[in-house]
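Summary of the model geometry
Take a look at the letters that make up each chain.
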Amino acid sequence: MLFRSDTIGRCALAASVVDARRVFVLMADPGGESISNGARSLFRTTNGGQAWSAIPTPSTNSLFHGGGQPPQGWYDLVLGVTPFSNGTTGSDTIYVGGIEAWVNCNDGNDWQDYSDNNNWSWNQSHVDHHAIAFNPKDPSIVYDGGDGGLYWSSQAGLPGTWSYRSNQMVTGRFYHIGLDRLSSNAITTLAGAQDQGTWKLQGAQTPVLEFGGDGLQPITNSSVSTYPYYVELPAGDLYRYH
């Protein structure tokens, strides 16, 4: 039995390509939170919807939550299912994504997180997931689309197997920059990007990610040696660091 429409919010559906009677649904409540503390957010039917059973979900603290922010299952919620992409038989490979994303090859047990949790790791998929797709000839080839661009895995999406595939795509958006003309060796520039963190550039050096999440208005002042850098997030959170 699924929930009534007044108790659920955004949903994502996925069906097995080898058996159309096997359908999965991932749900958030109207506020974007996991339902019943995540215990009843993912369901499966094997008979075309006549009966549904709950599947255990991964940690709910980072499925629709992140960095102390309000739940956002209303914004990023995605579900993908593909048959036996891990080389085994008897279980569908399930992918669920919100802020973080997980892959599972064991009927909801032993979920593996394949997101980078805003650490900007190129072999992990960026947080905030919106789309997932599979190669129709080889289901172990998985594509993940999110706020960080396009990522690709040829090993069923397992952690550490992802590669960034948005090179030469102009997908970055910067809100504001901060300049420090007192830098001793070169002008230091901080730039706050939408969901790409805050970056630091000194002269002709390669930009360095300084802070994760959503960048907004950064400030840099090298004359204050204790805390020369300040960053702001869109919700008004302020951080200072060295």
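Parameters and conventions
Residues numbered from 1 in each chain as written. Predicted model: local features only at pLDDT ≥ 70, side-chain atom pairs only at ≥ 80, totals over all residues. Heavy atoms only, no water. Phe/Tyr/Trp six-rings, centres within 6.5 Å; stacked < 30°, edge-to-face > 60°. Helix = DSSP H or I, 4+ residues; strand = E, 2+ residues; numbered from the N terminus. Buried < 20%, exposed > 50% of the residue type's maximum accessible area, 1.4 Å probe, protein only. Contact = heavy atoms within 4.5 Å. Pairing = 2+ DSSP bridges. Axes fitted to C-alpha atoms, helices over the stretch in contact; angles between N-to-C directions. Core = buried A, V, L, I, M, F, W, Y, C linked by side-chain atoms within 4.5 Å.

A short note on the packing of aromatic side chains
- Throughout the structure, instances matching the rule amount to six aromatic pairs.
- With centroids separated by 5.3 Å and ring planes inclined at 50°, the aromatic side chains of Tyr 95 and Phe 134 adopt a geometry described as tilted. A residue pair is termed long-range when its members are at least 10 positions apart, and Tyr 95 in strand β6 (residues 92–97) and Phe 134 in strand β9 (residues 129–135) qualify at 39 residues.
- Using a relative accessible area of 1% as the deciding quantity, one classes Tyr 95 as buried.
- Where Tyr 151 meets Tyr 164, the ring centres are 5.3 Å apart and the plane angle is 65°; that geometry is what we call edge-to-face. Taken as a pair, Tyr 151 in strand β11 (residues 149–153) and Tyr 164 in strand β12 (residues 162–164) lie far apart in primary sequence, 13 residues in all. Tyr 164 carries the same exposure label as Tyr 151, and that label is buried.
- Through a chain of ring-to-ring contacts, three or more aromatic side chains come together here, namely Tyr 95, Tyr 114, Phe 134 and Trp 162.

Side note on the environment of Gly 145
- Looking at the secondary structure, you find Gly 145 in strand β10 (residues 138–146).
- Setting aside residues no more than four positions away along its own chain, Gly 145 makes contact with His 129, His 130 and Ala 131.

Regarding the pairing of strand β5 (residues 78–83)
- With six of six residues buried, β5 is to be regarded as a mostly interior element.
- Alternating positions in β5 separate into two faces, Val 78, Gly 80 and Thr 82 on one and Leu 79, Val 81 and Pro 83 on the other, with burial throughout.
- In the sheet, β5 pairs with β6 via six bridges, with the strands oriented antiparallel. Of the residues in β6, the one forming a bridge with Gly 80 is Tyr 95.

Quick look at the sheet that holds β9
- The sheet built from four strands is open, its strands ordered β9-β10-β11-β12 with antiparallel pairing. Because the sheet does not close on itself, it has two edges, and the strands there are β9 and β12. The mean inter-strand angle of the sheet, taken between neighbouring strand axes irrespective of direction, is 25°.
- The pairing of β9 with β10 spans six bridges and is antiparallel. Residue pairing in the sheet places Ala 133 in a bridge with Tyr 143 of β10.

With respect to the nonpolar core
- Leu 42, Leu 79, Ile 94 and Val 96 are the most contacted members of the largest nonpolar core, which has 16 residues in total.
- Secondary-structure elements contributing two or more residues to this core are β1 (11–15), β2 (23–27), β5 and β6.
- Ignoring anything within four residues of it in the chain, the contact list for Leu 79 reads Ala 12, Leu 13, Ala 14, Phe 24, Val 25, Leu 26, Leu 42, Ile 94, Tyr 95, Val 96 and Ile 132.
- Core analysis: the second largest hydrophobic core is formed by 11 residues, Val 78, Ala 101, Tyr 114 and Val 142 among them.

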